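The lines below spell out each chain.
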Amino acid sequence: MSTSTEIPPPGYETSLTYTDDRLDTLRENWRSVREAIDSAGGREVELIAVSKLKPASDILALHRGTGQCGFGENYVQELLVKRGLLAGEEKIRWWFIGGLQSNKCKQLALEGGSALAGVQTVDSAKKATELHKGRVILKEREPGCGRLEVYLQVNTSGEAEKSGVEGDEALAELARHVLSDGLAETLRLVGLMTIGSLGESSASGAVGEDRPAENRDFTALIKARDTLAATLDADAQLRLQNGASWKDELKLSMGMSQDFEAAIKQGADTVRVGTRLFGARAVKGGTGKKSGASLEDAQKVEEETAKAHS
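Cut-off values and rules
- Residues numbered from 1 in each chain as written.
- Predicted model: local features only at pLDDT ≥ 70, side-chain atom pairs only at ≥ 80, totals over all residues.
- Heavy atoms only, no water.
- Buried < 20%, exposed > 50% of the residue type's maximum accessible area, 1.4 Å probe, protein only.
- Helix = DSSP H or I, 4+ residues; strand = E, 2+ residues; numbered from the N terminus.
- Salt bridge = Lys/Arg side-chain N within 4 Å of Asp/Glu carboxyl O.
- Phe/Tyr/Trp six-rings, centres within 6.5 Å; stacked < 30°, edge-to-face > 60°.
- Contact = heavy atoms within 4.5 Å.

Concerning unusual backbone geometry
Despite not being glycine, L53 shows a phi value in the positive range, around 65°. What makes L53 partly exposed here is its relative accessible area of 24%. Phi is positive for N242, which is not a glycine, with a value near 60°. Note on placement: N242 falls in the loop between α8 (216-233) and α9 (246-249). Exposure remark for N242: the relative accessible area of 81% places this residue in the exposed category.

Examining the pattern of salt bridges
Scanning all chains against the criterion turns up 12 salt bridges. R225 is paired through a salt bridge with D226; the nearest N and O atoms lie 2.7 Å apart. When its relative accessible area of 10% is taken as the criterion, R225 is described as buried. Overlapping salt bridges bring together E73, E78 and K82 as one network.

Things to note about the packing of aromatic side chains
Using the criterion set out here, one finds two aromatic pairs in the structure. Judged by centre distance (6.2 Å) and plane angle (45°), the rings of F71 and W94 are tilted. Linking F71 in strand β2 (residues 70-73) with W94 in strand β3 (residues 93-96), this pair joins segments that are 23 residues apart in sequence. Each member of the pair F71 and W94 is classed as buried. When the ring of W95 is compared with that of Y151, the centres are 5.9 Å apart and the planes differ by 70°; the resulting orientation is edge-to-face. You can see W95 sitting in strand β3 and its partner Y151 sitting in strand β5 (residues 148-153), a full 56 residues away along the chain. Taken as a pair, W95 and Y151 share a single burial class, namely buried.

Digging into the side chain of E78
Mapped onto the secondary structure, E78 falls in helix α3 (residues 76-85). Taking the relative accessible area as the measure of exposure, E78 reaches 10% and is therefore buried. Setting aside its immediate chain neighbours within four residues, E78 contacts Y12, S51, K52, L53, K54 and E73.

Dropping the structure here:
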């Protein structure tokens, strides 16, 4: 197994010890979220527990206390440190869900090891190629290592500060690149992902008679998936066998703590939930809960941090 060269950042808590009270809190939060997921969808929906800026002990407690296996991180160093600390927990699978720089892709794919399930923020051919390069080296070291699952990030809100592919042609071009003979050996295209606008997220997560019928960012991702699927289905080299459609294969990763129930009702296959599982979180570089911060404050910090991809 590859060994991460990352070291914990200053002040990072490396202890894996947790209290019974913390375990009970995490377990109850998880049950509440799972019940909300089941009520919203009535079907199988994957839950990614967003553990960024939370100690590895929280991840261990949640994993052992509930069987939760999928965890999402926004920073490469933090993911690699936590992967190393929790290397003994073989069922834990890591997802990278933050803004990813091209020069970090190879390192992530290699040092993340076979425990790295996938990357949900691929928005350029260069990033996909660099992930492939890292995975090629990993497969040489670990021949049994599976392919890295890839979601293509789509900018559904059209906001200039957001990461993500814009336009059907650009999305199709990126998908073809990931599905090309060279990259298909190490990467597996599994779906599309979006981080929508704060306004849409807040509106769709609201309760009351004025709640909109749908989140327009989620609707845009569904449309992008359907258009891409039709394009791939029409390509003789990329269409699926046995008459299957890419529409049924491409998953939708959309919805966070504030709006995951609305996302599920609109068709999400994967949701990324942090605050409602782990509670309020510190800003990056901090060591604990922000003094005097409310849950709403923490949610805003989480959402703004996730959206501010540069």
